[in-house]
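# Results of the structural survey
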Amino acid sequence: MKNYLSVTDIDSLPSWVDEAIELKKHPKAHKGLGENKTIVLLFFNNSLRTRLSTQKAALNLGMEVIVMNFGSEGWTLEFTDGTVMDQGKSEHVKEAAQVVSQYCDVIGIRAFANLQDKEADEAELVINGFKKHATVPILNMESSVGHPLQALADAITLAENNNKSKPKVVLSWAPHPKALPHAVANSFVEMMHLQDVDFVITHPKGYELNSKITKGATIEHDQNKALENADFVYVKNWSSYQIYGQILHQDKNWTMTLDKLGTAKFMHCLPVRRNVIVADAVLDSNQSLVIEQANNRTFAAQIALKKILENL
Amino acid sequence: MKNYLSVTDIDSLPSWVDEAIELKKHPKAHKGLGENKTIVLLFFNNSLRTRLSTQKAALNLGMEVIVMNFGSEGWTLEFTDGTVMDQGKSEHVKEAAQVVSQYCDVIGIRAFANLQDKEADEAELVINGFKKHATVPILNMESSVGHPLQALADAITLAENNNKSKPKVVLSWAPHPKALPHAVANSFVEMMHLQDVDFVITHPKGYELNSKITKGATIEHDQNKALENADFVYVKNWSSYQIYGQILHQDKNWTMTLDKLGTAKFMHCLPVRRNVIVADAVLDSNQSLVIEQANNRTFAAQIALKKILENL
Amino acid sequence: MKNYLSVTDIDSLPSWVDEAIELKKHPKAHKGLGENKTIVLLFFNNSLRTRLSTQKAALNLGMEVIVMNFGSEGWTLEFTDGTVMDQGKSEHVKEAAQVVSQYCDVIGIRAFANLQDKEADEAELVINGFKKHATVPILNMESSVGHPLQALADAITLAENNNKSKPKVVLSWAPHPKALPHAVANSFVEMMHLQDVDFVITHPKGYELNSKITKGATIEHDQNKALENADFVYVKNWSSYQIYGQILHQDKNWTMTLDKLGTAKFMHCLPVRRNVIVADAVLDSNQSLVIEQANNRTFAAQIALKKILENL
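Residues numbered from 1 in each chain as written. Chains lettered and ligands numbered in written order. Predicted model: local features only at pLDDT ≥ 70, side-chain atom pairs only at ≥ 80, totals over all residues. Heavy atoms only, no water.

An unreviewed UniProt entry annotates chain A as N-succinylornithine carbamoyltransferase of Cellulophaga fucicola. The record in UniProt for chain A states the following under Pathway (unreviewed entry): "Amino-acid biosynthesis; L-arginine biosynthesis." (UniProt positions renumbered as here; feature names shortened; annotations may be inferred.)

Here it is in structure tokens:
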């Protein structure tokens, strides 16, 4: 594998998950693999879990880690070819990507959707700009349209907590006061396509995700019906995709409660707004898997980096 | 020892000080102790000495170090239980503390008093929030009401420079143009309670520190009288505690001078405003211990981390 | 060598260049040299190449690296002696430099010209303040008037690409929408003084560099004439030195094109504004050396650090 940009870069999900669970038991077992190898992590947006867990994963593999907040510490990037750069942008991604490649063996990038311009977001200017011009592998630490390290951590968490041959997994929208990107939801849907699960997406009308991604998935607008007999309920807010980046409403009836959850396990990528996305009682119950999901971020990053290092 | 949150977490001050002085001679002697152990340093406020010396101490012990400016790089934290998080706060400390604990073996936290709300500051929302929910030890890198790493560095510096059985130590207030927290003064007073010293606090009326902390200490409002026969003079500004966080006045008669200092040694935690807190002539004389105090920050952090690591 | 502050700190350029090219072949060959040694990199300004390549160089030498954005993470520094520090500055460079020296073996500093006050810029308050008060060697990561790591990377790049006994090297001004410092141009001129080259500087009238630095160099105001038979063309913008820090004009006739470049190699320190400083066609041709120059930043930093470490 050259890059880890999307869930579709996983060649064999079961073996990745098994290997990640093995890494979790012996995190330092492959410390020699990254010796004298350097990863540069470029953050164009804020981060807690991704920032810490990816560093931890790289250190577990014996890599040298260099972290840079590109926005505040570097130069503003231009992404369009042929531009006369006489305005605010100081450096073209053509140079930046080639240059950074020379200082490391892997580049991690986080660059969120800005939710202003659907076409620009879907073009994934930052991560695709680096992918095109870099000469080393790229690790996606959340881009405009996907968060494949989160989805991989989710898959590991599902594997650890599932005891059915074909569990029912529900992805449920929840209200949120700020417009949020679709990346986590998109990658989770893509991940469910790779699993033998009974998968249902539920959200109010108007909050349909990109139909190219949800194609083949069951969509049920009645949340209660969707949740019937669920084994795992993944709750997440996203803004409208059709009326791009808008909050249509914040219907509190969609907040997850213990009552709605039944006996299912609760999942969320964090950070989570308590009593908006989900009631305290759910997060504080032993049905919540959110802390374990966050823990598995380390091993998701570690297995992805391990695969990259093995193919250098 | 689980945490190092306060001077009172020191089980035996003489042995800590002796061991720190030994570490200073051989900083890398215990490099194996921190092998494959990670410390995450979370800064909610600016820092020079604490930032560099704590990293250095952890590296001396062979630890992996991850630094994060929580305010600018992460998410805004909620600390109150039961809140409906539909305003500006993105993540609850309940999740943040549990999550960060999974990526490391020790968490260092710096979170200053905001000096707006005495009750909130004394509740130590950040450090107590992490203490309550974290599953790994916490190292206090200056909280609202204490700076125990500074006080430990001060104790080391005193031990290195004292040749009397019971030296006279004076803590003297000095003027400053900005309202400053009480943390350094509080921890220094607590540290003096643990020492066999003749301890006097001097400040203008109205600048009384928290009486629960100064209980038992001599308070003398006449600075000249307080300084008589002093062996060590620790100068520090703090804002009013009674009229919380206010600057009552900036009386320049309280600025420390060579004349007032006599033959005593001068101490300050730094950063120090020259010719406001203390005259150039004092800082540039060989009576000043401030550079050595800053140096001892490394070994204060290193002995505290060593004790934490030995008890993991 | 104690410090690397200027090109003039290089004792023997040919041996430095040869050794750097050797380091490029075997970057980790001297990993033992920096063992248990720490470098602190203090950034007072933004940086991409310098930030990453200096870290990489130090890691290649086995050093521990601590990075700090002094402006946003630390305290505002005072540089003038005798000041009553009752305004915005919290700490004097006297203390800061002595203190930081105690936490590391080498200090790297980046502090740009502010272009407001020629005298202040030429006094190099930050780097000279640290040089005066620090007790460990200082590495210049670009100061007000010089960028000797860039000039050293340029010398390495020239050596790798030159096959003439005395090549013609042209430094050509180019337009830019923002007022830029003179540091890169200054250090490149100083570096050319150390080389056996036919060196010509070309710029519009009014953009003369400091004559103390250009003394002895040929200055030709006709760009076309200057470029005749050039082997290497180094293009760079700088603001006026006489009317200090001003943009006199942004004459687009000075933009470098393939036509003007002829068969010469193109050099620039990056970041570069495409189609303002230089046409896309030049940067995208195989005559461009800019990516290799950026690569050589690692080995310039590494040879400078190696020399410093060998003299500790």
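Still to come is the rest of the account.
## Focus: the pairing of strand β8 (residues 198-202) of chain A
Residues and elements named next belong to chain A. Of all the 5 residues making up β8, 4 are buried; the element is thus mostly covered by neighbouring parts of the structure. The sheet contact formed by strand β7 (residues 168-173) and β8 spans 5 bridges and is parallel. Along β8, the bridge assignment pairs Val170 with Val200. Running through helix α8 (residues 183-193), the crossover from β7 to the neighbouring parallel element β8 is right-handed. (Buried < 20%, exposed > 50% of the residue type's maximum accessible area, 1.4 Å probe, protein only. Helix = DSSP H or I, 4+ residues; strand = E, 2+ residues; numbered from the N terminus. Pairing = 2+ DSSP bridges. Right-handed = clockwise from strand over helix to strand, strands pointing away.)

## Remarks on the sheet that holds strand β6 (residues 138-140) of chain B
Residues and elements named next belong to chain B. One open sheet accounts for 4 strands, arranged β2-β1-β5-β6; its pairing is parallel. Because the sheet does not close on itself, it has two edges, and the strands there are β2 (64-69) and β6. Strand-to-strand twist across the sheet, computed as the mean angle between neighbouring axes with direction ignored, equals 20°. With 6 bridges joining them, strand β1 (residues 38-43) and β2 adopt parallel strand pairing. (Axes fitted to C-alpha atoms, helices over the stretch in contact; angles between N-to-C directions.)

## Brief notes about the relation of the copies chain A and chain C
Superposition record for chain A on chain C: RMSD 0.0 Å, screw rotation 120°, translation along axis 0.0 Å. These values place the two chain copies in the arrangement generated by a three-fold rotation axis. (Least-squares fit on C-alpha atoms with pLDDT ≥ 70 in both.)

## A word on the packing of helix α1 (residues 13-25) of chain A against helix α13 (residues 290-310) of chain A
All names here are of chain A. Relative to each other, α1 and α13 sit at 110°, their axes nearing to 9 Å. On the basis of their axis angle, the class for α1 and α13 is roughly perpendicular. Here α1 runs over α13; the crossing is right-handed. On α13, the residues that touch Trp16, Glu19, Ala20, Leu23 and Lys24 of α1 are Glu292, Asn295, Asn296, Phe299, Gln302, Ile303, Ala304, Lys306, Lys307 and Glu310. Across the contact of α1 with α13, the residue classes tally to 6 nonpolar, 3 polar and 6 charged. (Parallel < 35°, antiparallel > 145°, perpendicular 65-115°, else oblique. Left-handed = near helix turned anticlockwise from the far one by under 90°. Contact = heavy atoms within 4.5 Å. Nonpolar A, V, L, I, M, F, W, Y, C, P; charged D, E, K, R; others polar.)

## Brief notes about helix α6 (residues 125-133) of chain B
All names here are of chain B. Of the residues making up α6, those classed as buried are Val126, Ile127, Gly129, Phe130 and His133. The arc enclosing the buried residues of α6, seen along the axis, measures out at 160°, which places them on a common side. Tucked inside the fold, the buried residues of α6 contact β1, β3 (77-78), α4 (93-101), β5 (106-110) and β6. (Arc of directions from axis to C-beta.)

## Observations regarding the interface of chain C and chain B
Taken together, the 31 residues of chain C in the interface contact 33 residues of chain B. Summed over both partners, the interface of chain C with chain B comes to about 2,800 Å²; 53% of that surface belongs to carbon and sulfur atoms. There are 7 salt bridges connecting chain C and chain B. A salt bridge links B:Arg51 to C:Glu73; its shortest N-O distance comes to 3.5 Å. Joining chain C to chain B, the criterion identifies 18 residue pairs in polar contact (both at pLDDT 80 or more). Sorting the residues of the side of chain C that touches chain B by element identifies β1 (38-43), β2 (64-69), α3 (70-73), β4 (91-92) and α4 (93-101) of chain C as the ones contributing at least two each. The element best represented in the side of chain C that touches chain B is α4(C), accounting for 6 residues. Classifying every residue of the side of chain C that touches chain B gives 11 nonpolar, 12 polar and 8 charged. (Buried area = accessible area lost by both parts, 1.4 Å probe. Salt bridge = Lys/Arg side-chain N within 4 Å of Asp/Glu carboxyl O. Polar contact = N/O pair within 3.5 Å; in protein donor to acceptor, adjacent residues only side chain to side chain.)

## Looking at unusual backbone geometry
The residue after A:Leu270, namely A:Pro271, is reached through a cis peptide bond having omega 0°. Mapped onto the fold, A:Pro271 is located in the loop between β11 (265-267) and α12 (280-283). With a phi angle near 65°, B:Asn275 is a residue other than glycine that sits in the positive phi range. By the secondary structure assignment, B:Asn275 is in the loop between β11 (265-267) and α12 (280-283). With a phi angle near 110°, C:Glu142 is a residue other than glycine that sits in the positive phi range. Mapped onto the elements of the fold, C:Glu142 is located in the loop between β6 (138-140) and α7 (148-161).

## Details of the packing of aromatic side chains
With the rule as written, the count across this model stands at 24 aromatic pairs over all chains. When the ring of B:Tyr241 is compared with that of B:Tyr244, the centres are 6.2 Å apart and the planes differ by 80°; the resulting orientation is edge-to-face. Like B:Tyr244, B:Tyr241 is buried. Three or more aromatic residues joined by ring pairs make a cluster, and in this case those are A:Phe44, A:Phe70 and A:Phe130. Directly above the aromatic system of A:Tyr241 lies the positively charged group of A:Lys118, at a separation of 3.7 Å from the ring centroid. (Phe/Tyr/Trp six-rings, centres within 6.5 Å; stacked < 30°, edge-to-face > 60°. Lys NZ or Arg CZ within 6 Å of the ring centre and 35° of its normal.)

## Side note on the environment of C:Val17
Residue and element names in this part refer to chain C. Locating Val17 in the fold gives a position in helix α1 (residues 13-25). We classify Val17 as buried; its relative accessible area is 7%. Residues within four places of Val17 in sequence aside, it is in contact with Ala155, Ile156 and Ala159.

## Observations regarding the interface of chain A and chain C
With 31 residues of chain A in contact, the opposing surface of chain C contributes 33 residues. In this assembly, chain A packs against chain C so that about 2,800 Å² is buried in total across both faces, 54% of it on carbon and sulfur atoms. For the chain A face of the interface with chain C, the top three residues by lost area are A:Glu73, A:Trp75 and A:Tyr103, together amounting to 25%. Counting across the chain A and chain C interface gives 7 salt bridges.

## Some thoughts on the UniProt feature "binding site: N(2)-succinyl-L-ornithine" (unreviewed entry) in chain A
Residues and elements named next belong to chain A. If you check UniProt for "binding site: N(2)-succinyl-L-ornithine" (unreviewed entry), the listed places come out as Glu142, His176, Lys236 and Arg273 in our numbering. Among the residues examined, Glu142 registers a relative accessible area of 9% and is labelled buried. Excluding residues that lie within four positions of it along the chain, Glu142 makes contacts with Ile109, Arg110, Ala111, Phe112, His147 and Ala183. Looking at where His176 falls in the secondary structure, it is placed in the loop between β7 and α8. Non-local contacts of His176, meaning those with residues more than four positions away in its chain, are made with Asn237, Ile247, Gln250, Arg273, Val276 and Ile277. Within the local environment of His176, its side chain forms a polar contact with the backbone nitrogen of Lys178, the two atoms lying 3.0 Å apart.

## Looking at the packing of helix α4 (residues 93-101) of chain A against helix α6 (residues 125-133) of chain A
The description of two helices packed together rests on the angle between their axes and the distance between the axes. Residue and element names in this part refer to chain A. Running from N to C, α4 and α6 point in directions that differ by 60°, and their axes come no closer than 8 Å. Comparing the axis directions of α4 and α6 gives the class oblique. Helix-helix and strand crossings are classified by hand; for α4 and α6 the assignment is right-handed. In this structure, α4 contributes Val93, Lys94, Ala96, Ala97 and Gln98 to the contact, and α6 contributes Gly129, Phe130 and His133. Residues belonging to the contact of α4 with α6 are distributed by class as follows: 4 nonpolar, 3 polar and 1 charged.

## Some details on the pattern of salt bridges
Under the counting rule described, the total for this entry stands at 54 salt bridges over all chains. Between B:Glu64 and A:Lys28 there is a salt bridge, and its shortest N-O distance comes to 3.2 Å. In this pair, B:Glu64 sits in strand β2 while A:Lys28 sits in the loop between α1 and β1 (38-43), so the two residues belong to two different chains. For the residue pair B:Glu64 and A:Lys28, the accessibility class agrees, reading buried in each case. In this structure, the salt-bridge partner of A:Glu64 is C:Lys31, at a minimum N-O distance of 3.6 Å. Within this pair, whereas A:Glu64 is found in strand β2 (residues 64-69), its partner C:Lys31 is found in the loop between α1 and β1, the two belonging to separate chains. Here the salt bridges share partners, and the residues they tie into one network are A:Lys94, A:Glu95, C:Arg274, C:Asp280 and C:Asp284.

## A closer look at the domain arrangement of chain A
All names here are of chain A. You can read the domains of chain A as domain 1 (7-146 + 297-310) and domain 2 (149-293). Summarising the inter-unit geometry, the C-alpha centres of domain 1 and domain 2 are found 25 Å apart. On the side of domain 2, 31 residues touch domain 1, which itself brings 31 residues to the contact. Taken together, the two surfaces of domain 1 and domain 2 that pack against each other cover about 2,300 Å², and 67% of this comes from carbon and sulfur. Its largest share of buried area at the contact with domain 2, domain 1 owes to Val7, Leu115 and Arg297, together 28% of the area lost on that side. In this structure, Glu160 engages Lys24 in a salt bridge whose closest nitrogen and oxygen atoms are separated by 2.8 Å. The tally of links between domain 1 and domain 2 comes to 8 residue pairs in polar contact (both at pLDDT 80 or more). Every element with two or more residues in the side of domain 1 that touches domain 2 is listed here: α1, α2 (49-60), α5 (118-123), β6 (138-140) and α13. (Domains from an automatic or database assignment.)

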